[in-house]
Amino acid sequence: MSDCIFCKIANGEIPSTTLYEDEKFRVILDLGPATKGHALILPKSHAADLFELPEETACGAMALAKKMATRMKEALHADGFNLVQNNGAAAGQTVSHFHLHLIPRYEGDGQHILWNPGTTTPEEMESVRKAVCEA
Ligand code: 5GP
Ligand code: ZN
């Protein structure tokens, strides 16, 4: 994708602060970090989102997330860690190249990455189960 900024960053055409790189992925620091150390795992091959991502790349991204989160939590003395991955504008995706957020968390960091719990009913839960499982 010639006009995709994350393709250019992932493949080194645009410089970035890189924490890790291999044949398939680059891990960079986010320019608008939620917390100190907020990073992004970028596959070097373009996929707009999770739905376009080859399964093998999805597996590789999660394995790399485990490795990076373990290393970053220790190195940055984080108290916790969020993995966040947005798909579609409705879910907050602003860059249409799959990326997995690595967000170290610190006690009292003031971030609001969790959701407000809603309510449901047994009927709604059953209708969701049917829609997903019997499709
Ligand atoms: P999204 O909202 O799509 O899940 O996340 C996009 C992320 O990319 C945001 O956290 C934003 O700060 C980050 N971002 C956008 N443009 C750039 C850039 O050019 N360089 C870097 N390092 N991060 C970027
Ligand atoms: Zn791309």
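Residues numbered from 1 in each chain as written. Chains lettered and ligands numbered in written order. Predicted model: local features only at pLDDT ≥ 70, side-chain atom pairs only at ≥ 80, totals over all residues. Heavy atoms only, no water.

S.K.: Can you break down the overall build of the protein chain residue by residue, with the values?
M.R.: In terms of helices and strands, the protein chain carries three helices and five strands. Tracing the protein chain from N to C terminus, the helices and strands come up as α-β-β-β-α-β-β-α. Taking all 135 residues of the protein chain together, 34% fall into the buried category. Surface exposure of the protein chain reaches about 8800 Å², of which carbon and sulfur atoms provide 56%. Placing the 12 positive and 18 negative side-chain charges of the protein chain at their respective mean positions leaves the two points 6 Å apart. (Helix = DSSP H or I, 4+ residues; strand = E, 2+ residues; numbered from the N terminus. Buried < 20%, exposed > 50% of the residue type's maximum accessible area, 1.4 Å probe, protein only. Areas by Shrake-Rupley, 256 points an atom, 1.4 Å probe, with all protein chains shown as cover. Lys, Arg positive; Asp, Glu negative; His and termini not counted. Charge placed at Lys NZ, Arg CZ, Asp CG, Glu CD.)

S.K.: Can you break down the pairing of strand β1 (residues 18-21) residue by residue, with the values?
M.R.: Pairing between β1 and strand β2 (residues 25-29): three bridges, direction antiparallel. The partner of Y20 across the bridge, within β2, is V27. (Pairing = 2+ DSSP bridges.)

S.K.: Which residues make up the coordination of the zinc ion (ligand 2), and what values go with them?
M.R.: Bound to the zinc ion (ligand 2) on the protein side are C4 (SG), C7 (SG), H46 (ND1) and H97 (ND1), at distances that span 2.0 to 2.3 Å. One can describe the site at the zinc ion (ligand 2) as tetrahedral: its four donor atoms subtend angles covering 104 to 116 degrees at the metal. (Donors = N, O, S within 2.8 Å, 3.2 Å for Na, K, Ca; no water. Tetrahedral: all angles 85-135°; square planar, octahedral: opposite > 155°, others 65-115°.)

S.K.: Describe the pattern of salt bridges, naming the residues involved and giving the relevant values.
M.R.: Summed over the entire model, instances satisfying the criterion amount to six salt bridges. For R105, the salt bridge identified is with D109, shortest N-O distance 2.8 Å. For R105, a relative accessible area of 17% corresponds to the buried category. (Salt bridge = Lys/Arg side-chain N within 4 Å of Asp/Glu carboxyl O.)

S.K.: Residue-level account of the pairing of strand β5 (residues 100-105), with values.
M.R.: Burial runs high along β5: six of the six residues are buried. Covered by surrounding structure in β5 are L100, L102 and P104 together with H101, I103 and R105, the residues of both alternating faces. Pairing geometry for strand β3 (residues 39-43) and β5, over three bridges, is antiparallel. Paired with A39 across the bridge in β5 is L102. Judged from the five bridges that link them, strand β4 (residues 80-84) and β5 form a sheet pairing that is antiparallel. Looking at β5, one finds that V84 is bridged to H101.

S.K.: Could you give an account of helix α3 (residues 122-133), naming the residues involved and the relevant values?
M.R.: For α3, with twelve residues, the first-to-last C-alpha span of 16 Å sits near the 16 Å given by 1.5 Å per residue. Taking burial as the measure, the twelve residues of α3 include zero buried ones, a minor fraction of the element. (Expected span 1.5 Å × (residues − 1).)

S.K.: Break down the sheet that holds β4 for me, with residues and values.
M.R.: Sheet strands pair via backbone hydrogen bonds, and the direction of the pair is either parallel or antiparallel. If you trace the five strands from one edge of the open sheet to the other, you get β1-β2-β3-β5-β4, paired in antiparallel fashion. Looking at strand neighbours, the two that pair on one side only are β1 and β4, the edges of this open sheet. For this sheet, the mean inter-axis angle between neighbouring strands, taken without regard to orientation, is 15 degrees. (Axes fitted to C-alpha atoms, helices over the stretch in contact; angles between N-to-C directions.)

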